[in-house]
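Structure assessment
Each chain, written out:
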Amino acid sequence: MKKLFTMLVVLLCGTMAYAQTDVIKMSDVKLKPGTSETLYVTINEPTKYTAFQFDLKLPKGVSVKDDIATIGGTSSDAHVIRNGVLDAASNTYRFLVYDMKNATFGQGATVKITLDASSEVKDGTILGTDILFVDPNGASTTQESASANVSASENVEITIGDSKKTTFVGNYDLDFTGNDARAYIVMGAEKVGDGVSLWLAQIDKVPAGTPIVVKADNAGTYSVKKTTIANTYYKSFLVGNNSDSKLSVTPEGTDLYYFLSTSGFAQFTSTKEIGAHKAYVRVPALPAANAGNGVEVTLGSGKRTSLCTNVDLDFSKQSDLTAYIVVGWDGSIMMAPVEQASAGTPLYIKGPEGKFTIPSSAAQLVYSNMLVGNNTDASIHVSPTSGEFTNYFLSTSGFSKIGDSGRDISAHKSYLQVLTTYVPSVATARDNFNVLSETVLKATVDGNEGDEATGINRVAVEAGNDAWFNLSGQRISTPTKKGLYIHNGKKVIVK
């Protein structure tokens, strides 16, 4: 046995290796304190291989129970599995699987590893490394890594300090519905006075890996429910560090970078460390103001239109019209209302049937937007897909998928792009099927000052004593009709 083991080690380490991805995959594990669960390591195309090894780094509080590990789903009775602690300090185990007769593994071959959870177990990641497979001829295949999540509870704990906000990105789908903490994406950035204010859109369902801003009325630790979310994603200026280590970020080009300090978002222009499972903001350079004479728009019987024009626009005094950008997708589109739009911003507009004149402004802002604009004086032809995106046009009843022959998008209009991997497959493709439903998200401005105490320039300014907000969180010049508004942080009824 010792001789065979030694020969196998030589075989694993001394043959020519080539890389291949996803030779093995690992299942996620739910491990509550004091329980045991099985980790399944599944072999892809197992009949190619006769032996393999891998190292398994486990989170704190997780161990292999009594060295229990078995190989299942293989027809050979000569397969042997050996495992043991490789490095106790890093909680790493090594697993070695081989066949005494040099037979390959059978279909469905799976290594089953029983894991124990102590009282210290927390959410974490199981990391498989140094993965090496050997075929019957001695040629080896490597895989860089494989991973699985350990879920120790039904909730994720998010701590918010005295600033009453934090950033977060994690490995689990989260549901903030009804929670005292609120989740936001960063949908835009606007030049206000000498600084920049960030526009936020509130979301309830947060897919794993989505960087968010989390706000609450009080400092504390908030428990957020884990859930399962399918086919949902957001466009946002937030960039997440979804790892257990700090990330060094160096600003590039003309983009603007912000981190969340104790007193608000502050710009950084040199390398900055972003904490584990935290996020930063990266926005394109704000455009120059481009005022003009305004634009006339017409809404037909569908009571909607799209727009992309070459002057800045101000919708704040349009009591009947609402302009939107599209910031998310869950099978329907998730829209956020906007009152200012810089030249070239693609918009979706809803209101009553008729003609309206939108005045110009001198806005300087950018939005993270799933809409694409045709800001030219001629129609453009758009195909059903563009790279990784599926394209939708605005019909009288809403956004519909563009058919196989493509479609012309008129001058100064907009269309919608959705990542194709999130679009359900259908049997036919014609212009007017699959009209999308719509969800309106709450939008608000985040106007805190930067951390001037550390010498960082102010990048987000207070809205000012004269600023008004409607109940959708939109900043307006002044109330134009009766209703409830926010002024100086207080509710005001305009009669």
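All residue numbers refer to position in the chain's written sequence, counted from 1. Per-residue local features of the predicted model are confined to residues with pLDDT of at least 70, and side-chain atom pairs are confined, for both listing and counting, to 80 or more; whole-chain, interface and lining totals are unaffected and use all residues. Remark: hydrogens and water are excluded; side-chain values derive from all non-hydrogen atoms of the structure.

**A closer look at the overall build of the chain**
What counts is decided by this rule: Where helices and strands are cited, they refer to DSSP runs of H or I of at least four residues and of E of at least two residues respectively, numbered from the N terminus. A 1.4 Å probe rolled over the protein chains alone gives each residue an accessible area, and that area as a share of the maximum for its type sets the label: buried under 20%, exposed over 50%, partly exposed in between. Areas reported as accessible are Shrake-Rupley estimates using a 1.4 Å probe. Residue values count occlusion only from the protein chains shown.
For the chain, the helix and strand inventory stands at one helix and 48 strands. Counting across all 495 residues of the chain, residues that qualify as buried make up 48%. With the model as given, the accessible surface of the chain reaches about 23200 Å², and the carbon-plus-sulfur share is 47%.

**With respect to the pattern of salt bridges**
Rule in force here: Within this document, salt bridges are pairs made up of a side-chain nitrogen of Lys or Arg and a carboxyl oxygen of Asp or Glu, the two lying within 4 Å of each other.
In this structure the tally under the stated criterion is seven salt bridges. Between lysine 48 and glutamate 45 there is a salt bridge, with the nearest N and O atoms lying 3.2 Å from each other. Taking the shortest distance from any N to any O, the salt bridge between aspartate 255 and arginine 282 comes out at 2.8 Å. Of the two residues, aspartate 255 sits in the loop between strand S22 (247-249) and strand S23 (256-261) while arginine 282 sits in strand S26 (residues 278-283), which places them 27 residues apart along the sequence. For aspartate 255, a relative accessible area of 25% gives the class partly exposed.

**As for the sheet that holds strand S12 (residues 155-160)**
Cut-off, in case you're wondering: At least two DSSP bridges between two strands are needed for those strands to be called paired.
Taking strand neighbours across the sheet as the criterion, the four strands line up as S12-S19-S14-S17 in an open arrangement whose pairing is antiparallel. Looking at the sheet topology across the chains shown, the edges are occupied by S12 and strand S17 (205-206). Bridge count between strand S14 (residues 174-175) and S17: two bridges; the pairing is antiparallel. Note on S17: the bridge partner recorded for aspartate 175 is lysine 205.

**Digging into the pairing of S12**
The side-chain alternation of S12 yields one buried face, formed by Val156, Ile158 and Ile160, and one unburied face, formed by Asn155, Glu157 and Thr159. Examined bridge by bridge, S12 and strand S19 (residues 220-226) share six bridges and lie antiparallel to one another. Paired with asparagine 155 across the strands is lysine 225, a residue of S19.

**Examining the nonpolar core**
Here is the rule: Among buried residues, the Ala, Val, Leu, Ile, Met, Phe, Trp, Tyr and Cys ones that are joined through side-chain atoms within 4.5 Å form a nonpolar core. Contact between two residues is taken to exist if any of their heavy atoms lie within 4.5 Å; hydrogens are not considered.
By size, the foremost hydrophobic cluster in this structure holds 46 residues, and its most contacted members are Phe176 and Met187. Ignoring anything within four residues of it in the chain, the contact list for phenylalanine 176 reads Ile158, Ala181, Arg182, Ala183, Ile203, Asp204, Val206, Ile212, Val214 and Val224. Membership of the second largest hydrophobic core comes to 35 residues, among which are Val29, Val41, Leu56 and Leu115.

**Overview of the sheet that holds strand S21 (residues 238-241)**
Stated formally: Only the stretch in contact is used when a helix axis is fitted, and all axes are lines through C-alpha atoms; the angle between N-to-C directions ranges over 0 to 180 degrees.
Strand order in the open sheet formed by four strands is S21-S26-S23-S24, and the pairing between neighbours is antiparallel. On the outer flanks of this sheet lie S21 and strand S24 (264-267), each paired with one strand and no other. Averaged over all adjacent pairs, the angle separating strand axes in this sheet is 35°, with direction ignored. One ladder, built from three bridges, connects S23 with S26; its direction is antiparallel. Each residue of the ladder has a partner; that of leucine 256, found in S26, is valine 283.

None of this, on its own, says anything about what the molecule does.
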